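Reading the structure
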Amino acid sequence: MTQNRSTWIGCSLGGLLVALLALQSMPQETEGANILGVFTSHSPSHLIIHMSILKTLAEKGHNVTVVSAMPPKVTHKSIKHIVVPMSAEDEKILSDGMSGMVREKPSIWTTMKSIFSSLSLLIDRQVDVLEDPRFQELYLNKGNKFDVVFVGFFFNSYQVALGARFNCPVIVSWSGPPMLMVNEMLGNPELSTVPQMQIAVAAGKPMNFKQRVQNFASTVGFNALNLYLNHKYNGFYKRLWGNDKSMPSFEVAKRNVSLAFCNGHAISEGPIRPNVPGIIEIGGIQIKSKPDPLPEDIKEFLDKGKHGAILFSLGSNLKGEHIQPHVVETIFKALSSVKQQVIWKWDDTKNTPGQSANILYKKWLPQDDILAHPKIKLFINHAGKGGVAEAQYHGVPMLALPVFADQPGNADKLAESGYGLQLPLATLDVDEFKAAIKEVIGNPKYAEKLKAFSQLYRDRPQTAQESVVYWTEYVIRHHGAAHMQSPLVHMNFIASNNLDIYIITALILYILFLINKIVWKFVWRKFCGKSNKASQKKKVKKQ
Ligand SMILES: *[C@@H]1O[C@H](CO)[C@@H](O)[C@H](O)[C@H]1NC(C)=O
Ligand SMILES: *[C@@H]1O[C@H](CO)[C@@H](O)[C@H](O)[C@H]1NC(C)=O
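Just so it is clear, the structure is predicted and the values come from calculations on it, not from any experiment. (Residues numbered from 1 in each chain as written. Chains lettered and ligands numbered in written order. Predicted model: local features only at pLDDT ≥ 70, side-chain atom pairs only at ≥ 80, totals over all residues. Heavy atoms only, no water.)

**Examining the overall build of the chain**
Helix and strand counts for the chain stand at 22 helices and 13 strands. Within the chain, the fraction of its 543 residues that count as buried is 47%. A sequence separation of at least 24 residues applies to 66% of the contacts in the chain between residues at least 6 apart. (Helix = DSSP H or I, 4+ residues; strand = E, 2+ residues; numbered from the N terminus. Buried < 20%, exposed > 50% of the residue type's maximum accessible area, 1.4 Å probe, protein only. Contact = heavy atoms within 4.5 Å.)

In structure tokens form, the structure reads like this:
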């Protein structure tokens, strides 16, 4: 710190002037706060959401530091970035797991399998990031002081203790709508009327019996997984901070989350549910309200299309090598035969599926900016939450080829809502694929449905970016948000479900029943017993 100060004093008068001017143009309150983002999960699509949040804050003039397990695609020039990457061996295991999943039709079974193979690696490796000296330096260096820390949720609830570690409020960032484990941290009630992420229910419709059974079963399943994870979290907590006297117990540390930013917009896309005030919806945070200009080659390629264009991308987790060669061939056959220009996201641009005048291969795409281009008539994707939201925002119909995790559920929802069609990637057929492309581009009903949706999606009191800035600065201004915390956070399973009250009520009813029985027995004996005896006596007299 003293070194910092002396270099600061040593800086030129010009620099001082610039600094003064910058200070003047900053907002009055919570100006230039120190914000830390900790995003340890190895998922590019989640990182895009987290980074879009922190980029918004950096643009507002805050001093943002980010620690992540992979280099970010979204960033800002003033963000200080620390990458603590996974080992090459672990990357390989994950990549092989991905290929395995692509080969099968998505189902509960493949999702469960992925949970217990790749996912357990994804969960365990996150602790390594927090044990890394590059991360620990952030709190060991007493010169650092953070005003708020963001934790990117991915089966790592123990990380909310970073608030206690840095002695500042914690905000959770989650890439989807509120879900069971995020709800638990904020005390957001879990309700049987709210469909879990893999169940598609059209707006304003009830869940039918089968869906309710599915929903119930998956809620129980998630709760069981959560029990198991909590057991793991305890272990991680002990390993990280068990011997640290300055840290509270895990039980205390985890009941201190101020807010959760959830990447959803329930009014337009569901699920409709009540939320506690600590759940802040920022659906579409990664979407720019004004697209950036496209790279020259992409712009030229799109402008050439007389029949419009198609964007084809299976997202950032899935690489070309994960998809079986015959499926790639099927896709190429179909896409090279359509009239439209096709932009295909493909990693290995030296080794492409085939050459065709209407196909442009690109390793990395400004997806959001391309979807904003008026020539784009169709977005063929894997139904990842981010891409679907971008297409919905820009009103582009979709053809989904879902693979795993929340993708099958997202694909069901978009088909159910009339935003496009879906086909299984593993068993794709050329003719079927071509017919689906033709239908979604040719039939105006999909584009019309999306246009209406897009209007709803954009109609908000605050944009996603404004919400992020407002609520983050709110938490900084008030040093946390304990005043709006749900009491559920502090209640155990028995209290939050009133199980004790049910048991006591049942006991009281039982005791009342017993007393009632005794009284009636007594009354019966006293009167009926007497009159019986009396009538018996009478009978005896008569005789
Ligand atoms: C910005 O944050 C970093 C922590 O990463 C800190 O070292 C630095 O002093 C902060 N800058 C200002 C101007 O507060
Ligand atoms: C709880 O949060 C406050 C800020 O909101 C923070 O200063 C404090 O260290 C946290 N305490 C624990 C035990 O996590």
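**Let's talk about the pairing of strand β11 (residues 376-381)**
Buried residues dominate β11, accounting for five of its six residues. Where strand β8 (residues 309-312) and β11 come together, four bridges link them in parallel fashion. Counterpart to Ala309 in the pairing with β11 is Ile376. For the crossover from β11 across helix α16 (residues 385-394) to strand β12 (residues 398-400), the handedness is right-handed. (Pairing = 2+ DSSP bridges. Right-handed = clockwise from strand over helix to strand, strands pointing away.)

**Comments concerning helix α20 (residues 464-477)**
Here α20 contains 14 residues, and its C-alpha end-to-end distance of 20 Å stays within 8% of the 20 Å for a straight helix at 1.5 Å per residue. Across the 14 residues that make up α20, a large majority, 10, are buried. Ala464, Ser467, Val468, Val469, Trp471, Thr472, Glu473, Tyr474, Val475 and Ile476 are the residues of α20 that are buried. Looking at the buried positions of α20, the neighbouring elements they touch are β1 (34-39), α3 (44-59), β4 (148-152), β5 (170-174), β6 (257-262) and β7 (279-281). Backbone geometry just downstream of α20 places His479 in the positive-phi region, at approximately 50°. (Expected span 1.5 Å × (residues − 1).)

**Quick word on the packing of aromatic side chains**
Taken as a whole and judged by the stated rule, the model has 22 aromatic pairs. A ring pair is formed by Phe150 and Phe261, whose centres lie 6.1 Å apart and whose planes are at 15°; its orientation type is stacked. You can see Phe150 sitting in strand β4 and its partner Phe261 sitting in strand β6, a full 111 residues away along the chain. Phe261 matches Phe150 in its accessibility class, with the two residues each being buried. Taken together, a centroid distance of 6.0 Å and an interplanar angle of 35° make the contact between Tyr470 and Tyr474 tilted. With a gap of four residues between them, Tyr470 and Tyr474 both fall in helix α20, about one helical turn apart. Members of the aromatic cluster, connected to one another through ring pairs, are Phe135, Tyr139, Phe146 and Phe166. (Phe/Tyr/Trp six-rings, centres within 6.5 Å; stacked < 30°, edge-to-face > 60°.)

**Quick notes on the nonpolar core**
One finds Phe135, Phe153, Phe155, Phe166, Met181 and Trp241 to be the most contacted residues of the largest nonpolar core, which totals 55 residues. Listed in part, the 33 residues of the second largest apolar core include Ala33, Leu54, Val74 and Phe150. (Core = buried A, V, L, I, M, F, W, Y, C linked by side-chain atoms within 4.5 Å.)

**Examining helix α7 (residues 133-140)**
All of the buried residues in α7 are Phe135, Leu138 and Tyr139. All buried residues of α7 project into a common sector of 85° when viewed along the axis, lining one side. Exposed side of α7, more than 90 degrees from the buried face: Pro133 and Leu140 are the residues found there. Check the buried side of α7 and you find it contacts β1, β2 (63-68), β3 (80-83), α6 (118-131), α8 (162-166) and α10 (209-241). (Arc of directions from axis to C-beta.)

**A look at the pattern of salt bridges**
A complete count under the given rule lists 16 salt bridges for this structure. Arg255 is the partner of Glu251 in a salt bridge, and the nearest nitrogen-oxygen pair spans 3.1 Å. Looking at Glu251, the relative accessible area reads 36%, which means it is partly exposed. A network of salt bridges, in which partner residues are shared, links Asp90, Arg125, Asp128, Glu131 and Arg239. (Salt bridge = Lys/Arg side-chain N within 4 Å of Asp/Glu carboxyl O.)

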